[in-house]
Amino acid sequence: MTTTTTGAPGPVDAPAPATRPAPPGAGRGARRRRRAVPYLFLLVPVGLLLLLTYLPVANMFWYSVTDWDGLARTKELVGLDNYVEIFTDPDNVRVFYVSLYYFLASFVQMALALYFATVLSFRVRLKNLWKGILFFPYLINGVAIGLIFLNFLKPGGGLDTVLLAAGLDALVRQWTGDPAVANVTLAAVSVWRYTGLNFVMFLGAIQSISSDVYEAAEIDGANRWHEFRHIILPSIRPIVGLSFILAISGALSVFEIPYVMTNGGNGTETFVIRTIWMAFNRNMVGLASAMAVVLLVVVLLVTWVQRRVVPEQEVDLT
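Residues numbered from 1 in each chain as written. Predicted model: local features only at pLDDT ≥ 70, side-chain atom pairs only at ≥ 80, totals over all residues. Heavy atoms only, no water.

**Comments concerning the overall build of the chain**
Next up, step 1: Assigned secondary structure in the chain consists of 13 helices and zero strands.
Next up, step 2: Per-residue burial over the chain gives 33% buried out of 318 residues.
Next up, step 3: Taking contacts inside the chain between residues at least 6 apart in sequence as the whole, the part at least 24 apart equals 67%.
Next up, step 4: A total accessible area of about 20,700 Å² is found for the chain, and carbon and sulfur atoms account for 65% of it. (Helix = DSSP H or I, 4+ residues; strand = E, 2+ residues; numbered from the N terminus. Buried < 20%, exposed > 50% of the residue type's maximum accessible area, 1.4 Å probe, protein only. Contact = heavy atoms within 4.5 Å. Areas by Shrake-Rupley, 256 points an atom, 1.4 Å probe, with all protein chains shown as cover.)

What follows is the structure in structure tokens.
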């Protein structure tokens, strides 16, 4: 007689633990933290910007309405007297006329840079060599350039030797000693140095133009002048506007070359040289701060006028 035995019952699966509901607002807290991460990364650079840029500018505005000498603990409020002196003192007004030499020279500089950038954007022998030659002066330190040209332009120096050898004795001048030609000489040195910067800016903008546009223009019978007038110039208009703004600010902030070559003598004192002289030689930090504010306002005003007169436009050459 056979008997059947019932097997032992198998292990019973344990019930799954109950999930605890998330506390209200937990998801919103995580989202807030994720949104706060970019601002945490910006905290240090923005803090440094405020500390090292905007705070000194605010102090400069405050100093400009005082008679502070840079050492005294107290500052007497003088209102707008410093600004009135800037535009009424003949010695202060004269530096604005000196800036006109560099401003006019900047147009020569931009014209030369645009010409060479246009020529070298097409097929030219030894193109890279010419690019290096044009850009190399900008890489040289301004003090070194001043010393080089100071020896080149001194009486009996390199330029006078060349002129005498060519029989052009009548053209020999006191290039940095004659007030009639000193500013022209220094402005020409500035053109030699900064043409490379504008050249690189213009060349980069020109090379960004699609070659298909030139091919289509050649099919339509356009020559190089037509390509420059109707393709290149409209395409690089924003860069030309930027160069114009840099020309204004650069004309007012010229310092290294005239300081090294003439120390502001013979009628070559520039706006920045006089500002530094006011601050550190005459201890008129309040007046020097006002001059710095004037420089800042002029640059901002020129930028605003340029934006209004020549607004940025998207150029469609298709």
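**Regarding the environment of Thr195**
Next up, step 1: With respect to the helices, strands and loops of the structure, Thr195 is situated in helix α7 (residues 179-207).
Next up, step 2: Residue class for Thr195 comes out buried when judged on its relative accessible area of 9%.
Next up, step 3: For the pair formed by Thr195 and Gln109, sequence separation is 86 residues and the distance between their alpha carbons is 5.3 Å.
Next up, step 4: Sequence-distant contacts of Thr195, defined by excluding residues within four places in its chain, comprise Gln109, Leu112 and Ala113.

**So, the packing of helix α3 (residues 90-120) against helix α12 (residues 271-280)**
Next up, step 1: Packing of α3 against α12 brings their axes to within 8 Å, and their N-to-C directions diverge by 150°. On the basis of their axis angle, the class for α3 and α12 is roughly antiparallel. Where α3 abuts α12, its residues Asp91, Asn92, Val95, Phe96 and Ser99 lie against Phe271, Arg274 and Met278.
Next up, step 2: Each residue belonging to the contact of α3 with α12 can be placed in one class, and the counts come to four nonpolar, two polar and two charged. (Axes fitted to C-alpha atoms, helices over the stretch in contact; angles between N-to-C directions. Parallel < 35°, antiparallel > 145°, perpendicular 65-115°, else oblique. Nonpolar A, V, L, I, M, F, W, Y, C, P; charged D, E, K, R; others polar.)

**Re a positive patch on the surface**
Next up, step 1: A cluster of basic residues, Arg28, Arg31, Arg32, Arg33, Arg34 and Arg35, forms a positive patch on the protein surface.
Next up, step 2: As for its placement among the helices and strands, Arg31 is situated in helix α1 (residues 26-63).
Next up, step 3: The exposure class of Arg31 is partly exposed, given its relative accessible area of 39%. (Patch = residues over 30% accessible without salt bridge, like charges linked within 9 Å, V, L, I, M, F, W, Y side chains within 5 Å. Salt bridge = Lys/Arg side-chain N within 4 Å of Asp/Glu carboxyl O. Lys, Arg positive; Asp, Glu negative; His and termini not counted. Charge placed at Lys NZ, Arg CZ, Asp CG, Glu CD.)

**Details of the packing of helix α5 (residues 142-153) against α7**
Next up, step 1: As a packed pair, α5 and α7 sit with axes 11 Å apart at the nearest point and diverge in direction by 130°. Relative to α7, the element α5 lies oblique. Judged by the twist between their axes, the crossing of α5 over α7 is right-handed. Packed against α5, whose contacting residues are Gly142, Ile145, Phe149 and Leu153, the element α7 presents Thr185, Val189, Trp192 and Arg193 at the interface.
Next up, step 2: Of the residues that constitute the contact of α5 with α7, the class distribution is five nonpolar, two polar and one charged. (Left-handed = near helix turned anticlockwise from the far one by under 90°.)

**Focus on the side chain of Asp89**
Next up, step 1: For Asp89, the location among the structural elements is in the loop between α2 (81-88) and α3.
Next up, step 2: Despite being buried, Asp89 has no salt bridge partner; Arg274 is the closest side chain of opposite charge, sitting 4.2 Å away.
Next up, step 3: At 3.2 Å, the side chain of Asp89 and the backbone nitrogen of Asp91 are in polar contact. (Polar contact = N/O pair within 3.5 Å; in protein donor to acceptor, adjacent residues only side chain to side chain.)

**Concerning the pattern of salt bridges**
Next up, step 1: The full count for this structure, using the stated rule, is five salt bridges.
Next up, step 2: A salt bridge links Glu256 to Arg193; the shortest N-O distance between them is 2.7 Å. With Glu256 in helix α11 (residues 256-261) and Arg193 in helix α7, the pair connects residues that are 63 residues apart, well separated along the chain.
Next up, step 3: Look at Glu256 and you get partly exposed, because its relative accessible area is 29%.
Next up, step 4: Notably, a salt bridge pairs Arg224 with Glu218, separated by 3.9 Å at the nearest N-O pair.

**Considerations on the layout of surface pockets**
Next up, step 1: The computed volume of the largest pocket comes to approximately 410 Å³.
Next up, step 2: In terms of lining, the largest pocket is formed by 22 residues, of which the most central are Ser190, Tyr194, Leu246, Gly250 and Ala251.
Next up, step 3: Those elements giving two or more residues to the lining of the largest pocket turn out to be α3, α7, α10 (237-252) and α11.
Next up, step 4: Per-element accounting of the lining of the largest pocket gives the leading share, seven residues, to α7.
Next up, step 5: Residues of the lining of the largest pocket, tallied by class, amount to 13 nonpolar, seven polar and two charged.
Next up, step 6: Reported here for the second largest pocket is a volume of approximately 280 Å³.
Next up, step 7: Ser121, Phe122, Arg123, Ile206, Gln207, Ile209, Ser211, Tyr214, Glu215, Glu218 and Arg224 together form the lining of the second largest pocket.
Next up, step 8: With four residues, helix α8 (residues 211-219) is the largest single contributor of residues to the lining of the second largest pocket. (1 Å grid on protein atoms, 1.4 Å probe; cavity = no way out; pocket = protein on both sides within 12 Å on 5 of 7 lines; lining within 4 Å. Points joined across faces, edges and corners; volume = space filled by probe spheres on them.)

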